[in-house]
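# Observations on chain architecture
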Amino acid sequence: MTLLSAPLLRRGIASLLTKRGARTVIAIAILLSVQAFPLRLAAQAAAAPPDVLVLVNGDTLHGKFVNAIDGKVTFHSDPLGDVKLDWDKIKELHTSGSFAVFNKNVKIHGKKGAAALPTGSLEVANKSVTLHTENAAAPAPIPIADAEFIMDKATLDKQLYHHPGFFTGWNGAATAGASIVSATQNQYALSGAVDLVRVVPTASWLSPRNRTSVDFIGSYGKITQPSYTVPGTPPTFVPAVVTKSALYHAGAERDEFLSPRFFALGQVAFDHNYAQDLALQQIYGGGFGFTVLKTPSQEADLKATIQYEKQEFISSSSSNLNLIGSTVSLSYVLHRKFLTFTQDLAYIPAFNNAHAYSANETNTLAFPAYKNLSFSVGTLDSYLNNTPIAEPPTKHNSFQFTMGFTYAINSKY
């Protein structure tokens, strides 16, 4: 089929425009569709061929190469969906798209360093990656063992130049648990926690620019001993006794990275602990942190802040304090195939009152159960040195053990 010449097309449209009504509009649409149909055929014929993946056993997959992260290759094939393979299972890979390769032996500093990476089509053979660039000198072949990350140019540009919206890019977990006992005493306890973190860029293969985290943990319980009457002359009435527990913590932190591991931070924290007679402890501070350990399976951050702290107590307002102090903390995360372990340690001294210091430790173990659902156990140990004098005496230490189910929240950005 041949294209209509421009003069003939104009004469046809002009002729149709002399008519009136909806028939004119329909005829024009048909004429334009006929004109554009060969163009669509040409565009389809010029579409890029599929990527080709050849396995070491000789099997061949046709589809689209997605990325390679820490030795794991993701390849999309329409019949199989996303297939993840180790490099040692792959003999050859041929792509038509444009990709960037991060060589783990070459340090990338910031956004400018990542943006300067050469991009082009890929070929993998003989355990090395060859990049065919269009407008720059092709780099030397990179051994597969050194190709730490490979991703398409569109994904690289998105991570470098686009900031996720406020409600996107979050990862974390939500946990809930409960227990109910009805016997001589009536007892119930409820617990829950939410931990969310967003790192920008969201891709692990780029150095972080900033990180925002929010967390909440809480538990509430009550034990009721019903009233009763002791037989006798006269009978003795014993009133009901109610014992309750309530513990809540909420916090938020913003980190701005000055280097891949060193960052400035600002944080707020709010704590309530009925067992320690603490109505509310407020902390507002800022400081610095350093990532002392970072691998694909582990990460540990050491942080120190200077802060304002206000303590308000339940039984005695005269014990309330305004403090200037510090928080020294360590956060640790360990990911394994069958468990995830998180730990947070914090020591909180006060400079203007040596007696008013506190410390806390949180530990959580989560075991995968089904898809994003896990079974979790956790402990929260809190120590407050300056609990007010009360009857019955208030203990300095509070310990809590929880069990529940955890739902993993994974970002799609």
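The notes below deal with the structure included here. Note that the structure is predicted; figures quoted are calculated from it, not measured. (Residues numbered from 1 in each chain as written. Predicted model: local features only at pLDDT ≥ 70, side-chain atom pairs only at ≥ 80, totals over all residues. Heavy atoms only, no water.)

### Overview of the nonpolar core
For soluble globular proteins, nonpolar side chains are generally found buried alongside one another. Selection rule: To define a nonpolar core, start from buried Ala, Val, Leu, Ile, Met, Phe, Trp, Tyr and Cys residues and group those joined through side-chain atoms within 4.5 Å. Relative accessibility under 20% of the residue-type maximum defines a buried residue, over 50% an exposed one, and the middle range a partly exposed one, all with a 1.4 Å probe and only protein chains included. Helix and strand definitions follow DSSP, with helices as H or I runs of at least four residues and strands as E runs of at least two, each counted in order from the N terminus. Here, two residues are considered to be in contact whenever any of their heavy atoms come within 4.5 Å of each other.
Core analysis: the largest hydrophobic core is formed by 22 residues, its most contacted members being L53, F65, W87, V101, L122, V129 and I150. With three residues, the top contributor of residues to this core is strand β2 (residues 60-69). Non-local contacts of I150, meaning those with residues more than four positions away in its chain, are made with F65, N67, A68, W87, F99, A100, V101, L122 and V129.

### Description of the side chain of T95
The following threshold applies: As used in this structure description, the phrase polar contact means that two N or O atoms lie within 3.5 Å; if the pair is within protein, one of them must be able to donate a hydrogen and the other to accept it, and residues adjacent in sequence are counted only when both atoms belong to side chains.
Residue position: T95 is located in the loop between β5 (90-94) and β6 (99-103). One polar contact links the side chain of T95 to the main-chain amide nitrogen of L122, over a distance of 2.8 Å. Among residues more than four places away in sequence, those in contact with T95 are D51, F65, S121 and L122.

### Examining the environment of L302
By secondary structure assignment, the location of L302 is in strand β19 (residues 298-313). In this structure, the C-alpha to C-alpha distance between L302 and L330, residues 28 residues apart in sequence, is 4.7 Å. Residues contacting L302, with those up to four places away along its chain left out, are F288, G289, F290, V292, S329 and L330.

### Some words on the layout of surface pockets
How we decide: A pocket, in this scheme, is an open set of points on a 1 Å grid over the protein atoms alone with protein on both sides within 12 Å along at least 5 of 7 lines, while a cavity is a set where a 1.4 Å probe fits but cannot get out; residues line either one if an atom lies within 4 Å of a point. Grid points are joined across faces, edges and corners, and a volume is the space filled by probe spheres set on the points. Classification convention: Asp, Glu, Lys, Arg as charged; Ala, Val, Leu, Ile, Met, Phe, Trp, Tyr, Cys, Pro as nonpolar; all other residues, Gly among them, as polar.
By volume, the second largest pocket amounts to about 610 Å³. Taken together, 29 residues form the lining of the second largest pocket, with Y220, G221, K244, S245 and A246 sitting closest to its centre. Going through the elements one at a time, β11 (171-182), β12 (186-200), β13 (210-225), β16 (241-257) and β24 (397-409) are the ones with two or more residues in the lining of the second largest pocket. At six residues, the largest contribution of residues to the lining of the second largest pocket is made by β24. Partitioning the lining of the second largest pocket into residue classes produces 14 nonpolar, twelve polar and three charged.

### Here we look at the sheet that holds strand β23 (residues 373-384)
Selection criterion: For two strands to count as paired, DSSP must find a minimum of two bridges between them. What counts as an axis is a line fitted to C-alpha atoms, over the stretch in contact for a helix, and the angles between N-to-C directions run from 0 to 180 degrees.
Reading around the barrel, the twelve strands line up as β11-β12-β13-β16-β17-β18-β19-β20-β21-β22-β23-β24 and close back on themselves, with antiparallel pairing between neighbours. Neighbour to neighbour, the strand axes of the sheet diverge by 20° on average, direction disregarded. Bridging between strand β17 (residues 262-273) and strand β18 (residues 278-294) involves eleven bridges; their strand directions are antiparallel. Opposite A264, over in β18, you have F288 as the bridge partner.

### Points about helix α4 (residues 153-161)
To keep it simple, the criterion reads: By definition, the arc is the one covered by directions from the helix axis to the C-beta atoms.
All buried positions along α4 are accounted for by L156, Q159 and L160. With its buried residues spanning 95° around the axis, α4 presents them on a single face. Here α4 starts with a cap whose side-chain oxygen sits 3.2 Å from the backbone nitrogen of A154, and that cap is D152.

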